[in-house]
Structures are given as structure tokens and as C-alpha cells.
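# An overview of the molecular structure
If you want the building blocks of each chain, they are given just below.
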Amino acid sequence: MSDWILRSIDQRFGLYIPEAEADKILKRCRKAGNKETGGILFGCYTPGLDCANVTIASNAPPDSKHGRTWFYRGVRGLQARIDRLWHRHEYYLGEWHFHPYSAPAPSLTDELQMENIAASTRYHCPEPILVIIGGDPTDVWQARAWVYPKGHQAIELKFDA
């Protein structure tokens, strides 16, 4: 595995997930088997605010619920973690989740959730990122990512060639 580096076509938005965190995501997907799972992306932005650097791709909070075609990300312990990270200048960047044996494409529920996060003053994140892993995490899988700028359509981030 290697680092995940993604950018929008116009280079306005970027995402960097180091190899260790990308590996953790895939390990969690393998463990989930045929059920959806997910977590939160934490980190910081480059000085030019054009790239989100993920420092932590979290597990699903303990009160999360999941099934074959759905995932509800819980909130237990989340605010305390966000507060601790805030003091280290690390912030909520967005969400990741797994669509087992399916395409890594956002559902309508995913889209609405990300649009709500972008509009929410509680998250302090007007451009949240969504990373979706799809397929078979033990064999053939694919990851895709989008940024959801507040009040605008989602913009897909593509892996650097």
C-alpha cells in the first residue's frame, strides 16, 4: 500500500491520507466483512488551505450501528475527542465509510449528510470530505473521495497518477 493523494481536477482541493491511516481503513473494511462500517477523518490543512492532511482515520464510535447496506455513525465519545484534537490543531475533516461488494459511490443519504455537515455551524467544516471504499477489501477494492463545499455541488477528488 502507499499514501493516498487525491486532487480535484482544477487543483483547488486536495486530500492526503498517509499509508498507515489508509491501511487502517482497509483493515477495518476487511473486519466488517459484508457489513458497512465507517469513521471520521481528522487532521489539518496545508497553509494554502488547498489540501486536507489526514492524521487520524478513526474507528466507528462505539454506539455506531451497521448492516449490509446501511451505516449509522454514532457519536459516543466524539465531542471529547474533537475537543482534545482541537487543542493539537487537528480538526474534523470529514467521514469515511465502506460499501461492501458495491460501488464506492455516495448514496442519496450520504449526499444529504455531507451537505448538512457543510451547512452546520456545529461541525465548523464548510468543506467536509467523504471517502468511500467499495468492493472486496480482501481482493479487489476501490476508493473514491469527494469534497462538499457549502452551498455547492460535490467535487470529486481523483487519485494522482
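You'll find the structure just up there.
Note that this is a predicted model, so its numbers are computed, not measured.

What follows deals with the layout of surface pockets. Volume-wise, the largest pocket comes out at about 370 Å³. Taken together, 17 residues make up the lining of the largest pocket; nearest its centre are Phe71, Tyr72, Arg73, Thr109 and Gln113. Of all elements in the fold, only β6 (71-72), β7 (91-100) and α3 (108-119) reach the threshold of two or more residues within the lining of the largest pocket. For the lining of the largest pocket, the residue count by class is 7 nonpolar, 6 polar and 4 charged.

Right, let's get into the pattern of salt bridges. For side chains bearing opposite charge, pairing can occur when the charged atoms are close. All told, the structure shown has 6 salt bridges when counted by the stated rule. A salt bridge links Arg7 to Asp50, with the shortest nitrogen-to-oxygen separation between them at 3.6 Å. Taken together, the residues span a long stretch of sequence, with Arg7 in strand β1 (residues 4-7) and Asp50 in the loop between β3 (37-45) and β4 (52-57) at a distance of 43 residues. Here Glu21 and Lys24 are joined by a salt bridge, their closest N and O atoms 2.9 Å apart.

A word on the sheet that holds β1. Spatial strand order, β1-β2-β4-β3-β7-β8-β9-β10: 8 strands in a closed barrel with mixed pairing. Each neighbouring strand pair of the sheet contributes to a mean axis angle of 30°, computed without reference to strand direction. Judged from the 4 bridges that link them, β1 and strand β2 (residues 14-17) form a sheet pairing that is antiparallel. Bridge assignment links Ile5 to a residue of β2, and that residue is Tyr16.

As enumerated under the stated definition, the model contains 0 disulfides in all. There is no disulfide at Cys51, and the cysteine sulfur nearest it, in Cys44, is 9.3 Å away. Under the relative-accessibility criterion, Cys51 is labelled buried at 11%. Sulfur of Cys125: no disulfide; nearest cysteine sulfur belongs to Cys44 and is 13 Å away.

Judged by nonpolar contacts, the single largest core of 24 residues is most densely connected at Trp4, Leu15, Leu41, Trp96, Val131 and Ile133. Listing elements by their share of this core, those giving two or more residues are β1, β2, α1 (19-32), β4, β7, β8 (129-135) and β9 (141-147). Per element, the largest residue contribution to this core is 5 residues, and it comes from α1. Beyond its immediate sequence surroundings of up to four residues, Val131 is in contact with Trp4, Leu15, Ile17, Leu41, Glu95, Trp96, His97, Arg144 and Ala145. If you look at the next biggest cluster of nonpolar residues, it comprises 14 residues, including Phe42, Ile56, Ile82 and Cys125.

Before going further, it helps to spend a moment on the packing of aromatic side chains. In the structure shown here, the tally under the stated rule is 4 aromatic pairs. Considering the side-chain rings of Trp4 and Phe159, the 5.9 Å spacing of their centres and the 75° angle between planes classify their relative orientation as edge-to-face. You can see Trp4 sitting in strand β1 and its partner Phe159 sitting in strand β10 (residues 155-159), a full 155 residues away along the chain. Judged by its relative accessible area of 2%, Trp4 is buried. Arranged with centres 5.0 Å apart and planes meeting at 55°, the rings of Tyr92 and Tyr123 form a pair that is tilted. Placement of the pair is Tyr92 in strand β7 and Tyr123 in the loop between α3 and β8, with a sequence separation of 31 residues. Of the residues examined, Tyr123 reaches a relative accessible area of 22% and is grouped as partly exposed. Here a set of aromatic residues connected by ring pairs shows up, and it is made of Trp4, Trp141 and Phe159.

Counting buried residues in β3 gives 7 out of 9 residues, a clear majority hidden from the surface. Sheet topology places β3 next to β7; 7 bridges connect them, and they run antiparallel. Residue pairing in the sheet places Thr37 in a bridge with Phe98 of β7. Bridge count for β3 against β4 is 5 bridges, and the pairing is antiparallel. Across the sheet, Phe42 pairs through a bridge with Ile56, a residue of β4. Counting the residues in the hairpin turn of β3 and β4 gives 6 residues, including Leu49, whose phi is positive at 60°.

What counts and how
Residues numbered from 1 in each chain as written. Predicted model: local features only at pLDDT ≥ 70, side-chain atom pairs only at ≥ 80, totals over all residues. Heavy atoms only, no water. 1 Å grid on protein atoms, 1.4 Å probe; cavity = no way out; pocket = protein on both sides within 12 Å on 5 of 7 lines; lining within 4 Å. Points joined across faces, edges and corners; volume = space filled by probe spheres on them. Helix = DSSP H or I, 4+ residues; strand = E, 2+ residues; numbered from the N terminus. Nonpolar A, V, L, I, M, F, W, Y, C, P; charged D, E, K, R; others polar. Salt bridge = Lys/Arg side-chain N within 4 Å of Asp/Glu carboxyl O. Pairing = 2+ DSSP bridges. Axes fitted to C-alpha atoms, helices over the stretch in contact; angles between N-to-C directions. Disulfide = S-S within 2.5 Å. Buried < 20%, exposed > 50% of the residue type's maximum accessible area, 1.4 Å probe, protein only. Core = buried A, V, L, I, M, F, W, Y, C linked by side-chain atoms within 4.5 Å. Contact = heavy atoms within 4.5 Å. Phe/Tyr/Trp six-rings, centres within 6.5 Å; stacked < 30°, edge-to-face > 60°.

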